[in-house]
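These are the residues of each chain, in order.
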Amino acid sequence: MKKIAKKRPKKEDVRIRTRIAPSPTGPLHIGTARAALFNYLFAKHNKGDFVLRIEDTDVERSDKRFEKNIIDSLEWLGIKWTEGPYRQSERLEIYKKYIQKLLEEGKAFWCPHTKEELTEEKQRQMANKEAPRHVCEYKTKKIKSKKGIIRLDTPQKIVEFEDLIRGKIKFDTFLLGDIAIAKNEETPLYNLAVVIDDYLMEISHVIRGEDHISNTPKQILLQEIFGFSRPQYAHLPLVLGPDRSKLSKRHNVVSVDEYRKAGYLPEAIINFIVLLGWNPGTE
Ligand code: GLU
């Protein structure tokens, strides 16, 4: 395979490109709408591009109905993407090349452990107050049988990144274990697909919810292995319920279309989500 890495351009030459990458596993969540709005505004303000990418590689959980709901809701809110929608399900051939490359280079391997074995291991680790992680003995066994899932032979190191909102973040990859990257050669998992797409789509800024912070070191590791440039990261605080837990179904109304059906105007929703977490400092 050809070398795919590009030289990282100087900061001032970088075209601003953001993205929103919803998984169509439910209707558009108000938190995703807020992340989409920030990406949209940041790209627009910098005369850049805003990409819509549907992350639908999980066939069991993805549903075309939800994809339609997400697209309709973004349109209703007036959050306009300038590129896309791309669908990961239409890009499987691309991911496959990268998965095969990692396998060929011995950087990834087949882990044949069953769900039950992994759960048991996790429970044992938790009982011993250890970080739950799977370091697989099969990576050294050179077994070529294609059973189980594909994992990265995770290099041990400290990953450091500068979050535009939260500042310096350090992460010891020891805690990650061997990262699951694909169900098989045709089916990448989230962290792998996202890294390949953010790179190929030349995303300059990844602006997303704080719930993804723990994925960032995994994604940076993969970027380093492929020789990809690193986007800038900004992790937004989550929209919380009155009990300060992440806004979820328990708090009733979480999807944009529910507000729409209840008669709220798109302008009111935009005004609410853009001002959430900020105030002018007056009464
Ligand atoms: N598909 C992921 C989600 O819906 C996207 C995360 C990301 O922005 O990287 O949560």
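Throughout what follows, the structure given in this document is the object of discussion. (Residues numbered from 1 in each chain as written. Predicted model: local features only at pLDDT ≥ 70, side-chain atom pairs only at ≥ 80, totals over all residues. Heavy atoms only, no water.)

Thoughts on the overall build of the protein chain
Formally: For the purposes of this entry, the term helix denotes a DSSP run of H or I that reaches at least four residues, the term strand denotes a run of E that reaches at least two, and both are numbered from the N terminus. Only protein chains enter the area calculation, which uses a 1.4 Å probe; residues under 20% of their type maximum are buried, those over 50% are exposed, and those in between are partly exposed. Here the Shrake-Rupley method, with its probe set to 1.4 Å, supplies the accessible areas, and only the displayed protein chains count as covering residues. When charges are counted, Lys and Arg contribute as positive and Asp and Glu as negative, whereas His and the chain ends are disregarded. A charge is said to be at NZ when it belongs to Lys, at CZ for Arg, at CG for Asp and at CD for Glu.
In terms of helices and strands, the protein chain carries eight helices and 11 strands. With respect to the principal axes defined by its C-alpha atoms, the protein chain has extents near 65 × 45 × 40 Å. Counting over 283 residues, the protein chain shows a buried share of 43%. Of the roughly 16000 Å² of accessible surface on the protein chain, a fraction of 53% belongs to carbon and sulfur atoms. For the protein chain, the distance from the average position of its 51 positive side-chain charges to the average position of its 41 negative side-chain charges is 3 Å.

Quick look at the site of the ligand
Let me state the cut-off plainly: Definition of nearness: a residue and a molecule or strand are near each other if at least one heavy atom of the residue lies within 4 Å of the molecule or strand. Basically, the charged four are Asp, Glu, Lys and Arg, the nonpolar ten are Ala, Val, Leu, Ile, Met, Phe, Trp, Tyr, Cys and Pro, and anything else, Gly included, counts as polar.
Near the ligand you find Arg19, Ala21, Pro22, Ser23, Glu55, Tyr190, Val194, Arg208 and His212, and these make up its full shell. When its residues are assigned to classes, the shell around the ligand shows four nonpolar, two polar and three charged.

Topic: the pairing of strand β10 (residues 205-209)
Operational definition: At least two DSSP bridges between two strands are needed for those strands to be called paired.
Across the five residues of β10, five count as buried, placing the element largely inside the fold. As judged from the five bridges shared by β10 and strand β11 (residues 232-236), these two strands associate in the parallel manner. For Arg208, the partnering residue across the bridge sits in β11 and is His235.

Some remarks on the sheet that holds strand β8 (residues 180-184)
Reading across the sheet, the four strands line up as β4-β5-β8-β9 and stay open at both edges, with antiparallel pairing between neighbours. Here the strands that pair on one side only, and so sit at the sheet edges, are β4 (108-111) and β9 (187-188). Taken together, the two bridges between β8 and β9 define a ladder with antiparallel strand orientation. Along β9, the bridge assignment pairs Asn184 with Thr187.

Side note on the pattern of salt bridges
Rules: In the sections that follow, a salt bridge refers to a side-chain nitrogen of Lys or Arg positioned within 4 Å of a carboxyl oxygen of Asp or Glu.
According to the stated counting rule, one finds 26 salt bridges in the structure shown. Taking the shortest distance from any N to any O, the salt bridge between Lys101 and Glu105 comes out at 3.1 Å. Overall, the relative accessible area of 41% leaves Glu105 in the partly exposed class. Glu162 is the salt-bridge partner of Lys168, the closest N and O atoms lying 3.6 Å from each other. For Lys168, a relative accessible area of 54% gives the class exposed. Since its relative accessible area comes to 47%, Glu162 is described here as partly exposed. If you follow the salt bridges from partner to partner, you end up with Arg19, Arg53, Glu55, Arg91, Asp197 and Asp198 in one network.

Looking at helix α8 (residues 266-275)
Filter applied, for reference: As used here, the arc is the angular range of directions from the helix axis to the C-beta atoms. What makes two residues a contact is simply this: any of their non-hydrogen atoms within 4.5 Å.
Among the residues making up α8, those that are buried are Pro266, Ile269, Ile270 and Ile273. Along α8, the residues classed as buried sweep out an arc of 100 degrees about the axis, all on the same side. Exposed and oriented more than 90 degrees from the buried face of α8 are Glu267 and Phe272. Residues of α8 that are buried make contact with α1 (30-45), α2 (64-77) and α7 (256-261).

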